[in-house]
Amino acid sequence: MRLYNAPSVAKDGIRNANTEFENLPQFVKDAFLTGMKNFGVYDNAPIKVPVQKVRLPKGFELYKFTEYWLKNQKGEITPWWSPLEDFGNDPGLEARKRLAKALGTTASELSGVYAAVREDWNAGTFILRAKLKRDVYAFFGQCAMQPRLSSPTAAYPVVTTRPGRVHGRTTNLPGFAWQLYIPTLTDADIGQVSRLQA
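Source: prediction; values computed, not measured.

S.K.: I would appreciate a short explanation of the overall build of the protein chain in the present structure.
M.R.: Helix and strand counts for the protein chain come out as three helices and 10 strands. Along the protein chain, from the amino end to the carboxyl end, the secondary structure elements read β-α-β-β-β-α-α-β-β-β-β-β-β. Looking at the protein chain as a whole, 45% of its 198 residues are labelled buried. For the protein chain, restricting intrachain contacts to residue pairs at least 6 apart in sequence, the fraction spanning at least 24 positions comes to 81%. Total accessible area on the protein chain stands at roughly 10,800 Å², and carbon and sulfur atoms take up 54% of it.

Here it is, written out as structure tokens:
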């Protein structure tokens, strides 16, 4: 089975034009439903939509629920996003807000479960929005299941839910939301539009 569908348009000189899904780090591939290795319950699912390499145009708007800023402490721009408006199988932010309201929860909490954001990774207290300054290539597919909390390590022997995040009762977060992974972004590619309380 193919892991992604490559676009057929010209791609020279565009961010991630020569990046292939197979060459991404394993943790990135494992974050997509088609790349799952450790959760056998979904391995035999009858339908798996391949990850697609898509060209996003200048002006394309993105969002994510996060407690962080556009860049981390190392100055790296976050690569994980959702499309602000309807794109492919993702109906966009307003549809997610409506679904959350219908389910009696917040869009941030729904996103934590639906996008499988581990509870020790991110509290999702803000909606970060950004806009592309030029065309880029991204990988678009469904989120794989993740455990609610990461396994303890020597550096982090006690793993706890981030302050502000509700701790759920199940062992895993189901995923299945659609996500965009856009590696190697720079200030020339993307700019922060807003960061508002979720």
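S.K.: Whenever I open this one, the pattern of salt bridges confuses me. Can you help?
M.R.: Pairing between side chains of opposite charge can happen when the charged atoms of each approach one another. The tally for this structure, following the rule as stated, stands at eight salt bridges. Of the charged contacts in the structure, one is a salt bridge between Asp-135 and Arg-55, with a shortest N-O distance of 3.0 Å. Here Arg-55 lies in strand E2 (residues 51-56) and Asp-135 lies in the loop between strand E5 (126-132) and strand E6 (136-142), a separation of 80 residues in the sequence. In this structure Arg-55 comes out as partly exposed when scored by relative accessible area, which is 35%. For Lys-71, the salt bridge identified is with Asp-187, shortest N-O distance 2.9 Å. Separated by 116 residues along the polypeptide, Lys-71 in the loop between strand E3 (61-66) and strand E4 (80-83) and Asp-187 in the loop between strand E9 (178-181) and strand E10 (190-197) bring together distant segments of the chain. You can call Lys-71 partly exposed: its relative accessible area is 35%. Accessibility expressed as a relative area gives 44% for Asp-187, which makes it partly exposed. Within the structure, one salt-bridge network assembled from shared partners comprises Arg-15, Arg-134 and Asp-189.

S.K.: Any chance you could explain the pairing of E5 here in plain terms?
M.R.: For a regular strand, the rule is simple: side chains alternate between the two faces of the sheet. For E5, a buried count of five out of seven residues is recorded, marking the element as mostly surrounded by other parts of the structure. Inspection of the sheet shows E3 paired to E5 by six bridges, in the antiparallel sense. For Thr-66, the partnering residue across the bridge sits in E5 and is Phe-126. Bridge count between E5 and E10: seven bridges; the pairing is antiparallel. The residue of E10 that forms the bridge with Leu-132 is Ile-190.

S.K.: Would you mind going over helix H3 (residues 107-114) with me for this structure?
M.R.: It helps to recall that an α-helix has 3.6 residues per turn; residues three or four apart then point in one direction. In terms of burial, H3 is a largely internal element, six of the eight residues being buried. All of the buried residues in H3 are Ala-107, Ser-108, Glu-109, Leu-110, Ser-111 and Gly-112. In this structure, the buried residues of H3 make contact with E3, helix H2 (93-103) and strand E8 (172-173). Backbone geometry just downstream of H3 places Ala-116 in the positive-phi region, at approximately 55°.

S.K.: Sorry, what's going on with the side chain of Glu-67 here?
M.R.: Considering the arrangement of structural elements, one finds Glu-67 in the loop between E3 and E4. In this structure the side chain of Glu-67 is engaged in a polar contact, spanning 2.7 Å, whose partner is the backbone nitrogen of Ala-123. Only 2.6 Å separates the side chain of Glu-67 from the side chain of Arg-162, close enough to count as a polar contact. Setting aside its immediate chain neighbours within four residues, Glu-67 contacts Trp-121, Asn-122, Ala-123, Gly-124, Thr-125, Phe-126, Arg-162 and Arg-195.

S.K.: Explain the confidence of the model for the protein chain here, please?
M.R.: Low-confidence regions, as indicated by low pLDDT, have predicted coordinates that should not be scrutinised in detail. In this model, the protein chain carries an average pLDDT of 86, and 86% of its residues clear a pLDDT of 70 or more. Low pLDDT, under 50, characterises residues 1-5; the predicted model gives this stretch 19 contacts beyond four residues in sequence or across chains. This model gives residues 36-44 a pLDDT under 50, and the stretch forms 17 contacts once residues within four places in sequence are excluded.

S.K.: Looking at this structure, how should I read unusual backbone geometry?
M.R.: Across the chain, the bulk of peptide bonds are trans and the bulk of non-glycine residues have phi less than zero. Here Asn-16, not a glycine, exhibits a phi torsion of approximately 70°, which is positive. Despite not being glycine, Ala-116 shows a phi value in the positive range, around 55°. Mapped onto the elements, Ala-116 comes out in the loop between H3 and E5.

Thresholds applied
Residues numbered from 1 in each chain as written. Predicted model: local features only at pLDDT ≥ 70, side-chain atom pairs only at ≥ 80, totals over all residues. Heavy atoms only, no water. Helix = DSSP H or I, 4+ residues; strand = E, 2+ residues; numbered from the N terminus. Buried < 20%, exposed > 50% of the residue type's maximum accessible area, 1.4 Å probe, protein only. Contact = heavy atoms within 4.5 Å. Areas by Shrake-Rupley, 256 points an atom, 1.4 Å probe, with all protein chains shown as cover. Salt bridge = Lys/Arg side-chain N within 4 Å of Asp/Glu carboxyl O. Pairing = 2+ DSSP bridges. Polar contact = N/O pair within 3.5 Å; in protein donor to acceptor, adjacent residues only side chain to side chain. pLDDT = per-residue confidence, 0-100.

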